[in-house]
Amino acid sequence: MATAAATVVSCNSNLSSYTINGIVSDSILNGQTIYLTDMASRDVLDSAVIADGKFEITGKVDTAFVGMLQVRPYRMGFIIEKGNIDVELGKTDKVSGTPLNDEFAAFMNDIDSLNQIFIAKQQEILDKGLSKEEASAEWDKTQVEFIMPEINKLFSHYYDRNNNNAVGAWTLFNWDLAPEPLDSAINLAGDVLKADPLVKLMQQRLELYKKTAEGQMFTDFTIEQPDGTKASLSDYVGKGKYVLVDFWASWCGPCRGEIPNIKELYDKYHDKGLDVLGVAVWDSPEDTRKAIDELGIVWPQIINAQQIPTTLYSIQGIPHIILFAPDGTIVARDLRDEAMKEKVAEVMKTVK
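As the structure is a prediction and not an experimental result, all values here were calculated from the model. (Residues numbered from 1 in each chain as written. Predicted model: local features only at pLDDT ≥ 70, side-chain atom pairs only at ≥ 80, totals over all residues. Heavy atoms only, no water.)

**Here we look at the sheet that holds strand β4 (residues 54-61)**
For sheets, the rule is that strands pair by backbone hydrogen bonds, running either parallel or antiparallel. Read across the sheet, four strands follow the order β4-β1-β7-β8 without closing on themselves; strand pairing throughout is mixed. Here the strands that pair on one side only, and so sit at the sheet edges, are β4 and β8 (94-96). In this sheet, adjacent strand axes meet at a mean angle of 15 degrees when their direction is disregarded. (Pairing = 2+ DSSP bridges. Helix = DSSP H or I, 4+ residues; strand = E, 2+ residues; numbered from the N terminus. Axes fitted to C-alpha atoms, helices over the stretch in contact; angles between N-to-C directions.)

**Examining the nonpolar core**
Nonpolar side chains in soluble globular proteins tend to end up buried together. Core analysis: the biggest nonpolar cluster contains 55 residues, and Ile20, Phe55, Leu69 and Leu172 have the highest contact counts within it. Beyond its immediate chain neighbours, meaning those up to four positions away, Leu69 contacts Ile20, Ile34, Tyr35, Leu36, Phe55, Ile57, Tyr74, Arg75, Met76, Phe78 and Val87. Among the nonpolar cores identified, the runner-up in size contains 48 residues, and Phe218, Trp248, Tyr313 and Ile315 belong to it. (Core = buried A, V, L, I, M, F, W, Y, C linked by side-chain atoms within 4.5 Å. Buried < 20%, exposed > 50% of the residue type's maximum accessible area, 1.4 Å probe, protein only. Contact = heavy atoms within 4.5 Å.)

**Describing helix α7 (residues 197-211)**
Here α7 is 15 residues long and its end C-alpha atoms lie 21 Å apart, about the 21 Å a rise of 1.5 Å per residue gives. Along α7, the residues classified as buried are Pro197, Leu198, Val199, Met202 and Leu206. If you check the start of α7, you find a side-chain oxygen 2.8 Å away from the backbone N of Leu198, and it comes from Asp196. (Expected span 1.5 Å × (residues − 1). Polar contact = N/O pair within 3.5 Å; in protein donor to acceptor, adjacent residues only side chain to side chain.)

**So, the side chain of Glu258**
For Glu258, the position within the fold is in helix α8 (residues 253-269). Setting aside residues up to four positions removed in sequence, Glu258 forms contacts with Pro319, Ile321, Arg336, Asp337 and Met340.

**Structural notes on the environment of Pro300**
When you line up the elements, Pro300 lands in the loop between α9 (285-295) and β13 (301-302). Looking at Pro300, the relative accessible area reads 34%, which means it is partly exposed. When residues no more than four places from it in sequence are discounted, the contact partners of Pro300 are Tyr236, Val276, Leu277 and Gly278.

**A closer look at the environment of Ile186**
Along the chain, the position of Ile186 falls in helix α5 (residues 179-187). It is 38 Å that separates the C-alpha atoms of Ile186 and Ile50, two residues lying 136 residues apart in sequence. Excluding its chain neighbours within four sequence positions, the residues that come into contact with Ile186 are Tyr159, Leu172, Lys194, Val199, Met202, Gln203 and Leu206.

**Comments concerning the packing of aromatic side chains**
Aromatic rings in a pair are described by how distant their centres are and how their planes are angled relative to each other. Counting across every chain of the model gives eleven aromatic pairs. Chaining the aromatic ring pairs together yields one cluster made of Phe104, Phe107, Phe155, Tyr158, Tyr159, Trp170 and Trp175. Lying over the aromatic face of Phe146, Lys121 brings its terminal NZ or CZ to 4.8 Å of the ring centre. (Phe/Tyr/Trp six-rings, centres within 6.5 Å; stacked < 30°, edge-to-face > 60°. Lys NZ or Arg CZ within 6 Å of the ring centre and 35° of its normal.)

Here is the structure:
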């Protein structure tokens, strides 16, 4: 692992030195500590105190990998590789000085330029004076027909140029690819990229996703509840009924927005054989309980699950709603809004 090489085997004569020369534009951060972390493991590799808007971090590295600089409220990604790396951290982030970081900077500049085009497109729609519903529909169409193709074209361009280095790892990690295209892209990577910690992390997530894909049997998990009891997914799933499982958190706006849709399905189909289960992740039990009361949630909950189920099911964002069949197989994943209602209505027609 590149991280291990950078942090543990620093006495190896094959390792090369790097120096990060940093400028922080926000003067309020003078005296604060800035941390250098490995983006894959999130381990802290080093730190420095910001003085007069500057800092310096030195270290050793054998194979370039993606790192992060973090000092609240700022953070930026870049490539940790041999040489002198110049960074500017603040309202705008800049990196230069080494070959891969120059390539990384070019990529980020192209992303910024593309974002400006998207903002202009959005403004064009707003200037038309459409109703809220019409504007939303046109923006959705613009995203499908223009924005996503342009994003994919840009990411594909930089991945083709960097499919055997750390810039390619950052590209894959931030490219919003579905599991199948992501698997294909990783298969096209060179040996260096396949060995990158970020890519290995994505491969692990892909394997977990395949194990919990539609048509697969559910993967069980058990969570200790605040009252000392234990609650398992198998307490609810695989018991002879369809079960809609909502992985959510109290602080998540979209999660709260789906509750009325879930309640509609619960009220309509619960007496006909549909069970609903909430699994509160990435949240404190106190905040979960408060949200349950505020939102009027009446279906059972497994709380304080944290990252256990999201890791097992390779869930990267919430809400993530999964429909399980009576025998425990996965019918559909990542259901939302109308698509969720249509899928539940479809399967409930088969219930006698």
